[in-house]
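Summary of structural features
Listed below, chain by chain, are the residues.
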Amino acid sequence: MFGPDKCGEDYKLHFIIRHKHPKTGVYEEKHAKPPDVDLKPFFTDRKTHLYTLVMNPDDTFEVLIDQIVVNKGSLLEDVVPPINPLKEIEDPADEKPDDWDERAKIPDPSAIKPEDWDEDEPAQIEDLSAVKPDGWLDAEPKFIPDPNAEKPDDWNEDMDGEWEAPRISNPACRIGCGEWKPPMINNPKYKGVWRPPMIDNPNYQGIWSPRKIPNPYYFEDDHPFLLTSFRALGLELWSMTSDIYFDNFIICSEKEVADRWATDGWGVKMLANANELGILRQLITTAEERPWLWLIYLVTAGLPIALIISFCWPRKVKKKYEDANYKETDICKPQTKGALEQEGKEEKAALEKPLDLVEEKQQSDGEILEKEEGEPQEKSEEEIEIIEGQEEGNKSNKSGSEDEMKEADESTGSGDGPVKSVRKRRVRKE
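Residues numbered from 1 in each chain as written. Predicted model: local features only at pLDDT ≥ 70, side-chain atom pairs only at ≥ 80, totals over all residues. Heavy atoms only, no water.

1. Details of the state of the cysteines
A complete count under the given rule lists 1 disulfide for this structure. Each sulfur in the disulfide pair Cys173 and Cys177 lies 1.6 Å from the other. Judged by the sign of its S-S torsion, about -110 degrees, the cystine formed by Cys173 and Cys177 is left-handed. Each member of the pair, Cys173 as well as Cys177, carries the same accessibility label: buried. (Disulfide = S-S within 2.5 Å. Buried < 20%, exposed > 50% of the residue type's maximum accessible area, 1.4 Å probe, protein only.)

2. Notes on the packing of aromatic side chains
Within this structure, the stated rule accounts for 3 aromatic pairs. Centroid distance Phe15 to Phe61: 5.1 Å. Interplanar angle 55 degrees. Geometry classified as tilted. With Phe15 in strand S2 (residues 10–20) and Phe61 in strand S5 (residues 60–65), this residue pair connects regions lying 46 residues apart in the sequence. Residues Phe15 and Phe61 agree in their burial class; the two are buried. Here the guanidinium or amino end of Arg18 rests over the ring plane of Tyr27, the centre of that ring lying 4.7 Å away. (Phe/Tyr/Trp six-rings, centres within 6.5 Å; stacked < 30°, edge-to-face > 60°. Helix = DSSP H or I, 4+ residues; strand = E, 2+ residues; numbered from the N terminus. Lys NZ or Arg CZ within 6 Å of the ring centre and 35° of its normal.)

3. Some words on the nonpolar core
The biggest cluster of nonpolar side chains holds 13 residues, and the ones touching the most others in it are Leu13, Phe15, Phe61 and Leu75. Of all the secondary-structure elements, those providing two or more residues to this core are S2 and S5. The element that contributes the greatest number of residues to this core is S2, accounting for 4 residues. If we skip the residues at most four places from it in the chain, Phe15 touches Met1, Phe2, Lys30, His31, Ala32, Leu53, Met55, Phe61 and Leu75. (Core = buried A, V, L, I, M, F, W, Y, C linked by side-chain atoms within 4.5 Å. Contact = heavy atoms within 4.5 Å.)

4. Remarks on the environment of Pro202
Tracing the backbone shows Pro202 in the loop between strand S14 (198–200) and strand S15 (212–214). On the basis of relative accessible area, Pro202 is assigned to the exposed category, the value being 68%. Linking Pro202 and Ala104, residues 98 residues apart in sequence, is a C-alpha distance of 8.5 Å.

5. Structural notes on a nonpolar patch on the surface
A surface patch of nonpolar side chains, about 860 Å² in accessible area, is lined by Phe230, Leu233, Leu235, Leu237, Ile244, Phe246, Phe249 and Ile251. The class of Phe230 is exposed, set by a relative accessible area of 55%. (Patch = residues over 30% accessible without salt bridge, like charges linked within 9 Å, V, L, I, M, F, W, Y side chains within 5 Å. Areas by Shrake-Rupley, 256 points an atom, 1.4 Å probe, with all protein chains shown as cover. Salt bridge = Lys/Arg side-chain N within 4 Å of Asp/Glu carboxyl O.)

6. Quick word on the environment of Asp58
With respect to the helices and strands, Asp58 occurs in the loop between strand S4 (51–55) and S5. Under the relative-accessibility criterion, Asp58 is labelled exposed at 51%. Between the C-alpha atom of Asp58 and that of Ser74, which follows or precedes it by 16 residues, the distance is 8.6 Å.

7. Details of the pairing of S2
Where strand S1 (residues 2–7) meets S2, 6 bridges bridge the pair, whose relative direction is antiparallel. Looking across to S2, one finds that Pro4 is bridged to Leu13. Turn length for the S1-S2 hairpin, with the two strands adjacent in sequence and antiparallel, is 2 residues, and the turn residue Gly8 shows positive phi of about 65 degrees. In this sheet, strand S3 (residues 27–32) lies alongside S2 in antiparallel orientation, the contact comprising 5 bridges. Residue pairing for S3: Lys20 is matched across the bridge by Tyr27. Taking the residues that link successive antiparallel strands as the turn, the S2-S3 hairpin has 6 residues, and the phi of Gly25 there is positive, at about 75 degrees. (Pairing = 2+ DSSP bridges.)

8. Regarding the confidence of the model for the chain
Where the model shows low pLDDT, its predicted coordinates should not be examined in detail. For the chain, the mean per-residue pLDDT works out to 77, and 71% of the residues sit at or above 70. Mean pLDDT across the elements of the chain bottoms out in strand S17 (residues 420–422) (42) and peaks in S14 (95). Long-range and interchain partners of residues 357–361, a stretch whose pLDDT sits below 50, account for 2 contacts in this model, where long-range means more than four residues apart. With pLDDT under 50 throughout, residues 363–430 is counted as low confidence; its partners more than four residues away or in other chains account for 66 contacts. (pLDDT = per-residue confidence, 0-100.)

9. Section: the sheet that holds S3
Within a sheet, each strand pairs with its neighbour through backbone hydrogen bonds, oriented either parallel or antiparallel. With antiparallel pairing, the 4 strands of this open sheet are ordered in space as S1-S2-S3-S7. Lying at the two open borders of the sheet, with one neighbouring strand each, are S1 and strand S7 (79–80).

10. Points about the pattern of salt bridges
Enumeration over the complete set of coordinates arrives at 14 salt bridges. When the shortest N-O distance is used, the salt bridge between Lys40 and Glu9 registers 3.9 Å. Residue Lys40 is found in helix H1 (residues 40–44), and its partner Glu9 is found in the loop between S1 and S2; the two are separated by 31 residues along the sequence. Here Lys40 falls in the partly exposed class, since its relative accessible area comes to 37%. The exposure class assigned to Glu9 is exposed, which follows from its relative accessible area of 60%. A cluster of three or more residues bridged by salt bridges with shared partners is formed by Asp91, Asp94 and Arg211.

11. With respect to the sheet that holds strand S6 (residues 68–74)
Spatially, S4-S5-S6 is the arrangement adopted by the 3 strands of the open sheet, whose pairing is antiparallel. Only two strands of the sheet have a single partner each, and these edge strands are S4 and S6. Averaged over all neighbouring strand pairs, the angle between strand axes comes to 15 degrees, with direction disregarded. Here S4 pairs with S5 via 5 bridges, running antiparallel. Looking across to S5, one finds that Thr52 is bridged to Leu64. (Axes fitted to C-alpha atoms, helices over the stretch in contact; angles between N-to-C directions.)

12. Some points on unusual backbone geometry
Here Val80 and Pro81 are connected by a cis peptide whose omega angle stands at -10 degrees. Here Pro81 lies in the loop between S7 and strand S8 (88–90). Positive phi outside glycine occurs at Asp66, with the angle close to 55 degrees. With respect to the secondary-structure elements, Asp66 resides in the loop between S5 and S6. If you check the backbone angles, Asn248 has positive phi at about 60 degrees while not being a glycine. Summarising the element assignment, Asn248 is placed in the loop between S15 and helix H3 (255–276). The class for Asn248 is partly exposed, based on a relative accessible area of 45%.

Now the structure itself:
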């Protein structure tokens, strides 16, 4: 018999041979020693496994799982019971004599109990030096009924009996209650029951065992490899687990043939199963076999994320901070009604002039505006559009408060006109 066996949490890989006794003709089961490896992973990983038994002509054997040796030994030495019986056995008719003394030690018969040995002394006595503490209440009980307890509404005395409040520790017994007794201490006079000392037994004869006689059924099989021939292959199955299959059995006389057959069958199946598994599943399966790989996975996945956060996060904060800083030139300046009317007249007059004069005036106005604002460099049209966009945003923020606009209005003396925010257009100087 050869194959895996699981019973509860007991995992086994059996190799049992039936050896025929040459004198009695009785077949006896010989069990190979159990493997030294842990077989549980092979039963719990839910994978296909290849079990192989190799019996060599030199009476040695090997047991392999997935082409890996998990057990090996000799048919003459590593099976129980052994193939060859003992040459001598115990005489079943021999009996132990009645006067046989197996005692190695005996009490000393000459020993006498000392006269001062008192076996009646107790092991512990009361401490005579102890004094009852002050405040000890002898008349108070240690436990009293709970005064706050109430009988449940559904209590039925006919069925449940008379209701009694649960008992709690007596709050008055802070020091002690009840009858006071001194504590117990070890008795210095206690010696216990006297027993004589033990001495060597002069009549000691040792442990008795039956005498040996020649084994009438002794034989010697030098080559148990030569088993009885067989003509069939049977499966002994008893399982409470579903989806268990056995297939592809081979019995041959050359291991190379079996290895080649395993490569063409089991090897192809394992390769197909490996291809079906995704990369993530393969990583998890490998980590289950080697738990230290989880640390490498964590470092490999976490390091890029940490670097991305460390490089990108400060830039976002800096950009946000820069966008929040407005230039002084972006702030809209309050204008009075008189100033608006004056600017309107100038624009109307400019429209009536020829195109050449308009261009000259725009150039001169651009130069004057640059000098007044004190900007050392000219700005492109794209920059002008950006500035205008910022000015429109500043309008929504109302950077100029109503108090400032009133003060500006009063300083110009224009009085009643509403305060408006006006932006000046800056033209490109050609």
